[in-house]
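Examining the three-dimensional arrangement
So you can see what is in the structure, the chains are spelled out below.
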Amino acid sequence: MTDTSETHVPEPEGAQPSAARADAGLESASGKALLRFLTCGSVDDGKSTLIGRLLYDTQLIHEDQLSALERDSRRHGTTGEELDLALLVDGLQAEREQGITIDVAYRFFATPRRAFIVADTPGHEQYTRNMATGASNCQAAVILVDARKGVLTQTRRHSYICALLGIKHVVLAVNKIDLAEFSAARFHQIVADYLGFAAALKFTSITSIPLSARYGDNVVHRSRRIGWYEGPTLIEQLETLDVGEGLDDKPLRFPVQWVNRPNADFRGFSGTVASGVVRPGDPVVVAVSGRESKVQRIVTADGDLPEARAGDAVTLTLADEVDIARGDVLAHAQARPEVVDQFAAQVLWMVEEPMLPGRSYLLRIGTCYVPARVTSLKHKIDVNTLEHIAAKTLGLNEIGFCNLVTASPVALDAYEENRATGAFVLIDRFTHATVGAGMISFGLRRATNIHRQALLIDKSARVRLNGHRPAVLWFTGLSGSGKSTIANIVERELHAQGAHTYMLDGDNVRHGLNRDLGFTDADRVENIRRVGEVARLFVDAGVIVLCSFISPFRAERNMVRELVDAGEFIEIFVDTPLDECRRRDPKGLYARALEGKIRNFTGIDSPYEPPENPELVLVPSPLGAEEEARRVLEQLKVRRIIV
Amino acid sequence: MDDTTASARVPRRAPLSPHLRRLESESIGIIREVAAEFRNPVMLYSIGKDSGVMLHLALKAFYPGKPPFPLLHIDTTWKFREMIRFRDQISARHGVKLLVHTNPEGLARGIDPISSGSKLHTQVMKTEALKQALDKWQFDAAFGGARRDEEQSRAKERVFSFRSPGHVWDPRNQRPELWNLYNTRINAGETIRVFPLSNWTELDVWQYTRAEGIPVVPLYFAAPRPVIERDGQLIMRDDERMPLKPGEREQVRMVRFRSLGCYPLTAAIESRATTIDAIIEEMLLMRTSERSGRLIDGDEAASMEKKKRDGYF
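Just so it is clear, the model here is predicted, and its values are computed rather than measured. (Residues numbered from 1 in each chain as written. Chains lettered and ligands numbered in written order. Predicted model: local features only at pLDDT ≥ 70, side-chain atom pairs only at ≥ 80, totals over all residues. Heavy atoms only, no water.)

**Here we look at the overall build of chain B**
A count of helical and extended segments in chain B gives 9 helices and 10 strands. Buried residues in chain B amount to 62% of all 313 residues. Long-range contacts, defined here as pairs at least 24 residues apart, represent 74% of the contacts in chain B between residues at least 6 apart. For chain B, the computed accessible surface area is about 11,900 Å², with 50% contributed by carbon and sulfur atoms. (Helix = DSSP H or I, 4+ residues; strand = E, 2+ residues; numbered from the N terminus. Buried < 20%, exposed > 50% of the residue type's maximum accessible area, 1.4 Å probe, protein only. Contact = heavy atoms within 4.5 Å. Areas by Shrake-Rupley, 256 points an atom, 1.4 Å probe, with all protein chains shown as cover.)

In structure tokens:
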């Protein structure tokens, strides 16, 4: 590396000349296993500088990038006349301007011994989700500590997140040792502090190294300024770290990704072996359905294979015509994954809008998407102290231990056993944003032992006797919009016609069934969930059930819609403007809410999400509630609920 | 089955290293994921070495079937003639459907890389043209061959990268991407750009190309070619549309291209590398990065991030 006239790259005093690494890429790429690691540490611990140093000293920086770096160092740099190596990795404009790392950046470098992908992750607490993202695909973590500051709250948080995401190998990089007079005593004190804390996290290995990213001591080049240290340099440690995950030795898990049917003669199941080994002739079982068959061929474009191992993307053909679709998991019969519809997991929440127990999300595990709900949040975890805290919801960057239920059974393993079949993400069903990430602790057997009782009289038999079809008439709208008034008239008319009806009213239900619930977002979701389940039972009994609930969230109304058959849910949006509701204020609630005496009041300090495609919209009629009720009855005839 | 499809196989020249095998499997998994989850995907085909690898992976991913999506080339009309010849041969050889789109308004306005400037040309003939094509055919997912090692803002790109209606990329608000659990769900009007080569480096691409015997445009190999020297860069005048400036004259030099684009915007390097092995060797000694020959990247500070926000790949 030639020095330039304007800036110079600091080298460790007495650094030994590096061997030519020009052939690094060729050799490492031709045989050595790749290592994916992440760097984490507090705001100014020098993560980006360390990665810049690794790239620079392994000669992965090209001349044109170097001249861009010189330009940028003068503009944004924080290191005076020297090159600011951190600018090599802070890629987004906002990051360069603010001198911080916001998003995960992936960097690639290689030495003669190994190829590396490093995830540079942000240190601020508000970017915990980005750090977890980086960690999810890594086998090792380099945790930076500023030698002057020692182990900080953030060091603990980062270590905990690494452990949570299943990282087993840690390098504790005690950085800026030059600013602590290269003190051995200081180094050993920090290491002792760290080991004391990290014992609970059960890492397989922790290697501590004193170094200076800015000057390059003990990063790639061994430093003579830290003569008392005899352990490996950072690069030596990373090159030799054995991260054998033993994926080949674990039970076979083959999540079917795509059914390959190019013509009538070929039916193959494409996917990537998540763990284990599969060979032609192996008996396999479809985890959820329990159907069995034998592997016939392992098909690839390079010819059939005698075996496929973890990580191989292949196409399997089976001996029998078995019904298999994307989302199914193939396994060996004697070592099957758990098949459950309830499980316990650690969930990391990744968006501003809080996680609400009871709300329906889309869960992705392996290649399978399935609707799921959090049934209970046992506790959340203070990521700084690891204390358990009672909570009803999870906010952005919070981690909680939850029970979840899925709409149908899924095949899974504990995350600790198998990352591929033990990890899931949660997706918002409306925006489709990725809102949560989860690591499964264990399946809950409770669900599997409650078998549904087969019944002799079913819904269609009741419909024949009743002479009308059952339905849920769901009245939604602001408080005071007239929901209950209209619903009462509709019920009166239906009753007069001889229809079987029942009224579930928000206020009444809250006096009994839902007496234990308040008005927080989480309680509102649970309130509607219970009402939905009750409404479903009435529908099954053949009854027209009228539900009058503010029900402010689309997600929950949609959840109830999915509980009953198509055409049975009739959403009636009582669209009375807020000003009109406030004017009416039949129970004096708006007045009290505006005085601040009622919190979380819909329309005042809690949102109302109007329906997107309601079956009926009722705007206030000059003819009054009787006219609005008439329109509802008209709809029921159009929809052939009643004749 | 074996007999009828054997001829479609690519003869393997060298066994894949574990590293390349892992990259190959990861990319095949990504490509299959798109086929399984999207209604109408398309693969951007830029004719370069990365596109060549991506197409090769797609052919392998769906074997013994064919990729269930077409290729799309955004033709600025300023590509090297050899590239266009190569493109047509490749789509014919593999029997893969190739769509070509050129921005008709840009053509009518006479936008060109020389008098309009590289910035306007790229905006109109590449970025706008791409958005037009995605809208025209209603594609909901588009594969691109971009790699994270190419450029700083690409280092932060997701494998499944969300675009809001209008093809807008918001780097500050990307979907978190954990494990390989890609979020493939979108609403109407939204699209996803998918980058199966995210974790490949330039070296990986060349080593894989060698190992798998993937054909590449001959412009990557050194040959005597007529070039002019302009602003310190060597430019090959591929046709008469590029006027010579006073004092410029064509001279035959032994040159090759590290990356391929519009010929007036793509600088050659002097090289004697006439084989893939020689290219790999040369690259390992090279002191400039791959995109340094791309005249468009230097247009302004953080120029790639800005172009990507506008909808560029």
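**Quick notes on the sheet that holds strand β11 (residues 283-286) of chain A**
Read across the open sheet, the 7 strands follow the order β7-β15-β11-β12-β14-β9-β8 (chain A); overall the sheet is antiparallel. Each edge of the open sheet is held by one strand with a lone partner, namely β7 (254-255) and β8 (258-263) of chain A. Bridging between β11 of chain A and strand β15 (residues 329-332) of chain A involves 3 bridges; their strand directions are antiparallel. Residue Val286 of chain A lies in a different strand from β15 of chain A, and its bridge partner there is Leu330 of chain A. Across the sheet, helix α2 (residues 18-37) of chain B touches β8, β9 (266-272) and β14 (313-318) of chain A, and the angle it forms with β14 of chain A is around 60°. (Pairing = 2+ DSSP bridges. Axes fitted to C-alpha atoms, helices over the stretch in contact; angles between N-to-C directions.)

**Quick look at the sheet that holds strand β10 (residues 267-270) of chain B**
Residue and element names in this part refer to chain B. Strand order in the closed barrel formed by 4 strands is β7-β8-β10-β9, with antiparallel pairing between adjacent strands. Pairs of neighbouring strands in the sheet enclose a mean axial angle of 70°, with direction left out of account. Sheet topology places strand β8 (residues 233-236) next to β10; 2 bridges connect them, and they run antiparallel. Bridging from a neighbouring strand, Leu234 pairs with Ala268 of β10.

**Things to note about the packing of α2 of chain B against helix α7 (residues 202-212) of chain B**
Residue and element names in this part refer to chain B. Two elements in contact, α2 and α7, have axes separated by 11 Å at closest approach and are oriented at 95°. The angle between α2 and α7 falls in the class roughly perpendicular. Side by side, α2 and α7 meet where His19, Leu20, Leu23 and Glu24 of the first sit next to Asp204, Gln207, Tyr208 and Glu212 of the second. Looking at side-chain class alone, the contact of α2 with α7 contains 3 nonpolar, 2 polar and 3 charged residues. (Parallel < 35°, antiparallel > 145°, perpendicular 65-115°, else oblique. Nonpolar A, V, L, I, M, F, W, Y, C, P; charged D, E, K, R; others polar.)

**A look at the side chain of Asp140 of chain B**
Residues and elements named next belong to chain B. Relative to the elements of secondary structure, Asp140 occurs in the loop between α6 (118-136) and β4 (141-143). For Asp140, a relative accessible area of 8% gives the class buried. A polar atom in the side chain of Asp140 sits 2.9 Å from the backbone nitrogen of Asn40. Among all residues touching Asp140, those that are not within four sequence positions of it are Phe38, Arg39, Asn40, Pro41, Ile186, Thr191 and Ile192. (Polar contact = N/O pair within 3.5 Å; in protein donor to acceptor, adjacent residues only side chain to side chain.)

**Some points on the environment of Ala423 of chain A**
Tracing the chain through its elements places Ala423 of chain A in strand β21 (residues 423-427). Note on Ala423 of chain A: relative accessible area 1%, which makes it buried. C-alpha separation for the pair Ala423 of chain A and Met439 of chain A, spaced 16 residues apart in sequence, amounts to 4.8 Å. Setting aside chain neighbours within four positions, we find Ala423 of chain A in contact with Arg364, Ile365, Gly366, Tyr415 and Gly438 of chain A together with Trp179 and Leu181 of chain B.

**Points about α2 of chain B**
Over its 20 residues, α2 of chain B extends 29 Å from the first C-alpha to the last, a length consistent with the 28 Å expected when each residue adds 1.5 Å. Here α2 of chain B lies mainly inside the structure; 15 of its 20 residues are buried. (Expected span 1.5 Å × (residues − 1).)

**Some points on the confidence of the model for chain B**
Looking at chain B as a whole, the pLDDT averages 87, with 90% of positions reaching at least 70. Residue range residues 1-11 of chain B is modelled with pLDDT below 50. Its contacts to residues more than four positions away, or to other chains, number 16 contacts. (pLDDT = per-residue confidence, 0-100.)

**Looking at the packing of aromatic side chains**
This structure, assessed with the given rule, holds 26 aromatic pairs over all chains. Summarising the aromatic geometry, the rings of Trp258 of chain A and Phe62 of chain B are spaced 5.0 Å apart at their centres and angled 75° between planes, so their arrangement reads as edge-to-face. Of this pair, Trp258 of chain A sits in strand β8 while Phe62 of chain B sits in the loop between α3 (49-61) and β2 (71-74), each in a different chain. This pair shows no difference in class: Trp258 of chain A is buried, exactly as Phe62 of chain B is. Where Phe573 of chain A meets Tyr608 of chain A, the ring centres are 6.0 Å apart and the plane angle is 20°; that geometry is what we call stacked. In this pair, Phe573 of chain A sits in strand β26 (residues 569-574) while Tyr608 of chain A sits in the loop between α16 (589-594) and β27 (616-618), placing the two residues 35 residues apart along the sequence. For Tyr608 of chain A, a relative accessible area of 17% puts it in the buried group. Grouped by ring-pair contacts, the aromatic residues Trp258 of chain A together with Phe62, Phe69 and Phe143 of chain B constitute a single cluster. Directly above the ring of Phe197 of chain A sits Arg156 of chain A, whose terminal nitrogen or CZ lies 5.8 Å from the centroid. Arg359 of chain A extends its terminal NZ or CZ atom over the ring of Phe553 of chain A, reaching a point 5.0 Å from the ring centre. (Phe/Tyr/Trp six-rings, centres within 6.5 Å; stacked < 30°, edge-to-face > 60°. Lys NZ or Arg CZ within 6 Å of the ring centre and 35° of its normal.)

**Re the nonpolar core**
In globular proteins that are soluble, nonpolar side chains generally tend to be buried together. Core analysis: the largest hydrophobic core is formed by 78 residues, its most contacted members being Phe37, Leu38, Val142, Leu165, Tyr194 and Leu234 of chain A together with Trp179 of chain B. Beyond its immediate chain neighbours, meaning those up to four positions away, Leu38 of chain A contacts Ala119, Thr121, Met131, Ala135, Cys138, Ala140, Ala141, Val142, Cys162 and Ile167 of chain A. With 70 residues, the next largest nonpolar core counts Leu16, Val53, Phe221 and Ile276 of chain B among its residues. (Core = buried A, V, L, I, M, F, W, Y, C linked by side-chain atoms within 4.5 Å.)

**Quick notes on the pairing of strand β6 (residues 191-194) of chain B**
Residue and element names in this part refer to chain B. Neither face of β6 is open: one carries Thr191 and Arg193, the other Ile192 and Val194, and all of them are buried. Direction of pairing for β4 relative to β6: parallel, over a ladder of 3 bridges. Bridge pairing links Phe143 to Val194 in β6.

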